[in-house]
Amino acid sequence: MVFRKLPGVSASGMGLRLSQKFVFLLFLSGLVTLCFGALFFLPDSVRLKRIFLSKTEVQPVTVGSGSENDVREHLKRPKEPEHTRGMTPGKGETKSRKPSVSNEATEERMAGGKAQEDLTLSRSKADSLMERVSDADHDANSDTFNFKKFQGCLLKPALGRDSGSTADPKTNDRREKVKEMMKFAWDNYKRYAWGKNELRPLTKNGHLGNMFGGLRGASIVDSLDTLYIMGLMDEYNDAKEWVQTSLDLNSNGEASLFEVNIRYVGGLLSAYYLTGEEFFRNKAVELGEKLLPAFNTPTGIPRGVINLGSSGTSWSWGWASAGSSILAEFGTLHLEFVHLTELSNNPVFKEKVMSIRKLLNKIEKPHGLYPNFLSPVSGNWVQHHVSIGGLGDSFYEYLIKSYLMSDKTDEEAKKMYYSALEAIEANLVQKSPGGLTYMAEWRGGILDHKMGHLACFSGGMIGIGADDGAPEKRQHYLDLAAEITHTCHESYTRSTTRLGPEAFRFDSGAEATATRLSDRYYILRPEVIESYMYLWRLTHDPKYRDWGWEAVEALEQHCRVESGFSGIRDVYALTASHDNMQQSFFLSETLKYLYLLFSDDDLLSLEDWVFNTEAHPLPIIRKSCLQDEVTEEKTVSE
Ligand code: DMJ
């Protein structure tokens, strides 16, 4: 035995010599290292591993920027390698992170439809992931959602009467024009960039970017519902087939939680609710599960970047101060996650977003405002910068939409929304010397008299919330919505191209114009048109349809190129300098909102649907109807 005292050997302590002790300690420490190392090779489901190795202990790095990711894509910094762009090592960061899957050969394989063995492999990986998630004692695939019953609970057919075409021939012609634009954008994407995330219309190739963690086909997933409601069925069927056979969720790159949620999860959910195709639902739930590790933080506030692979590690964006999370990112998950719970019968998704809600409801807010940066570790605000544009925007949108989507039962969301709106009115809403109402930005009490294109969604938001405000405020909210939409329209009409800049200012004599070169670009964004669509539905003032048509003409004149649509670098320059990018949100949002603007109100009626921030329609959840036995009998016997 190793510990036995050897005869004739002078001993100390336990009866061993110093050198023997040293050898023994060396052996012991080797053994411990070996055992600990072996933990890494155990399957994730082994309890021992879960106890010793928490998935998101690493508080590392950063990549892009919240709802401004697309801006960063636009303002590329080509010097840094794409994979490491914007990343700064953080506490616990190891150098052995797996590379994002992004080489061209792999891309082509994915784009063209993967070989059968790849698919089999992917499915078995997906299965093992499913097993791990169901560790949480919930079967994410529980088949409890009754699609027929859901359809029976809609007040109107999703596509309306006559697929939403109107009685007015001029409006119908405009609608047809938008449909043609969609077909043109889609055909070129299909021809030159099939399976990639976006089309580069000038160079006629595809773009993958670094926002989606190796997921492909953002333009396909973002287009499914637009193609479907426009009746572009051949195109829709191509898109559907690609999702069914080639959308591989087993990627291993760093993704923006926010972008994957609003575009992929949102797109898949809408496709399911419109068509009832089960695989859309399954993919949405499977992808939702991959996002869950981002919530493993001390506060439950998710980090912005997540590795979609089995490591499930998450990070904060490097540019966000002190490892903070972004309000517009963690505040823009609620609609999709509530629907994931509806469809999977797994409460975990709703629980995650409810704990975000709880924290935000409780935390002290400066002047009632919600700053843009919050620490996922301490749960405190990190900076006092407030914006209704980038970094803050869709958090407010999701509050009122959560209330509407809950069939007006989510009183907490309602209360939070109207209190936030009051604080916004008191602190941010301004009137320019020329009489234009705008939303300034707020930096610790100091106003920056600038309004971003992104903030122009707020006309629509305030409009859809008007009816549920205090009775004495309803008309006021509708007026405010109209005034903001008018200001955003002015930002378009005051430019040479009649398209609006990324940000416009109200200082040094400026009124709704960009004063800085860096704010002059337009990347096919939807927000202004989105507000036209809502204001049209709320007021039926024909000016909104005319303003939408002005935008169509400007898009055709300045953004349409030989092989698709492209953003432009300067809305004040008549000779267009194109940015060579057809953003996926152009197909998902800009063209969809235009199409709805020129359609009857019963196409995706606001009585039945709310749109997520990427314009993917999600149904209002009518709990009492869904649980009502009579409805089921009625719909099943139909
Ligand atoms: C879209 O992806 C979403 O609307 C998001 O909320 C903000 N940015 C783009 C469109 O501009």
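Residues numbered from 1 in each chain as written. Predicted model: local features only at pLDDT ≥ 70, side-chain atom pairs only at ≥ 80, totals over all residues. Heavy atoms only, no water.

Q: Is there a simple way to explain the sheet that holds strand β9 (residues 385–386) in this structure?
A: As a general point, the strands of a sheet are linked pairwise by backbone hydrogen bonds and lie either parallel or antiparallel. The three strands lie next to each other as β9-β12-β13, forming an open sheet whose pairing is antiparallel. Each edge of the open sheet carries a strand with a single partner, namely β9 and β13 (446–448). Relative to β13, strand β12 (residues 441–443) runs antiparallel, the two being bridged by three bridges. Within the sheet, the bridge partner assigned to Trp-442 lies in β13 and is Leu-447. (Pairing = 2+ DSSP bridges. Helix = DSSP H or I, 4+ residues; strand = E, 2+ residues; numbered from the N terminus.)

Q: Before we go on, may I ask you to explain the pattern of salt bridges in this structure?
A: When their charged atoms lie close together, side chains carrying opposite charge are able to pair. Evaluated as defined, the whole model comprises 35 salt bridges. Taking the shortest distance from any N to any O, the salt bridge between Lys-183 and Asp-187 comes out at 3.0 Å. Of this pair, Lys-183 and Asp-187 both sit in helix α7 (residues 169–193), four residues apart, roughly one helical turn. Here Arg-498 and Glu-550 are joined by a salt bridge, their closest N and O atoms 3.8 Å apart. Placement of the pair is Arg-498 in the loop between α18 (474–493) and β15 (503–505) and Glu-550 in helix α20 (residues 543–559), with a sequence separation of 52 residues. (Salt bridge = Lys/Arg side-chain N within 4 Å of Asp/Glu carboxyl O.)

Q: Please clarify how the packing of aromatic side chains should be interpreted in this entry.
A: Aromatic ring pairs are described here by two measures, namely the spacing of the ring centres and the angle between the planes. One pass over the full model with this rule turns up 34 aromatic pairs. With centroids separated by 5.0 Å and ring planes inclined at 65°, the aromatic side chains of Phe-395 and Tyr-396 adopt a geometry described as edge-to-face. A single burial state applies to Phe-395 and to Tyr-396, both of which are buried. A network of ring pairs unites the aromatic residues Phe-145, Phe-147, Phe-150, Tyr-272, Tyr-273 and Trp-609 as a single cluster. For the cation-ring pair, Arg-560 lies above Phe-184, with the distance from its terminal atom to the ring centre recorded as 3.8 Å. (Phe/Tyr/Trp six-rings, centres within 6.5 Å; stacked < 30°, edge-to-face > 60°. Buried < 20%, exposed > 50% of the residue type's maximum accessible area, 1.4 Å probe, protein only. Lys NZ or Arg CZ within 6 Å of the ring centre and 35° of its normal.)

Q: Looking at this structure, how should I read the environment of His-558?
A: Mapped onto the elements of the fold, His-558 is located in helix α20. Along the chain, His-558 and Arg-498 lie 60 residues apart, while their C-alpha atoms are 9.3 Å from each other. When residues no more than four places from it in sequence are discounted, the contact partners of His-558 are Thr-497, Leu-499, Ile-568, Leu-574, Ala-576 and His-578. (Contact = heavy atoms within 4.5 Å.)

Q: Mind showing me how you'd approach the sheet that holds strand β7 (residues 373–374) here?
A: Pairing in this open sheet of three strands is antiparallel, and the strands run β6-β7-β8 from one edge to the other. What marks the edges here is a single partner per strand, and that holds for β6 (325–326) and β8 (381–383). The pairing of β6 with β7 spans two bridges and is antiparallel. Paired with Ile-326 across the two strands is Phe-373, which belongs to β7.

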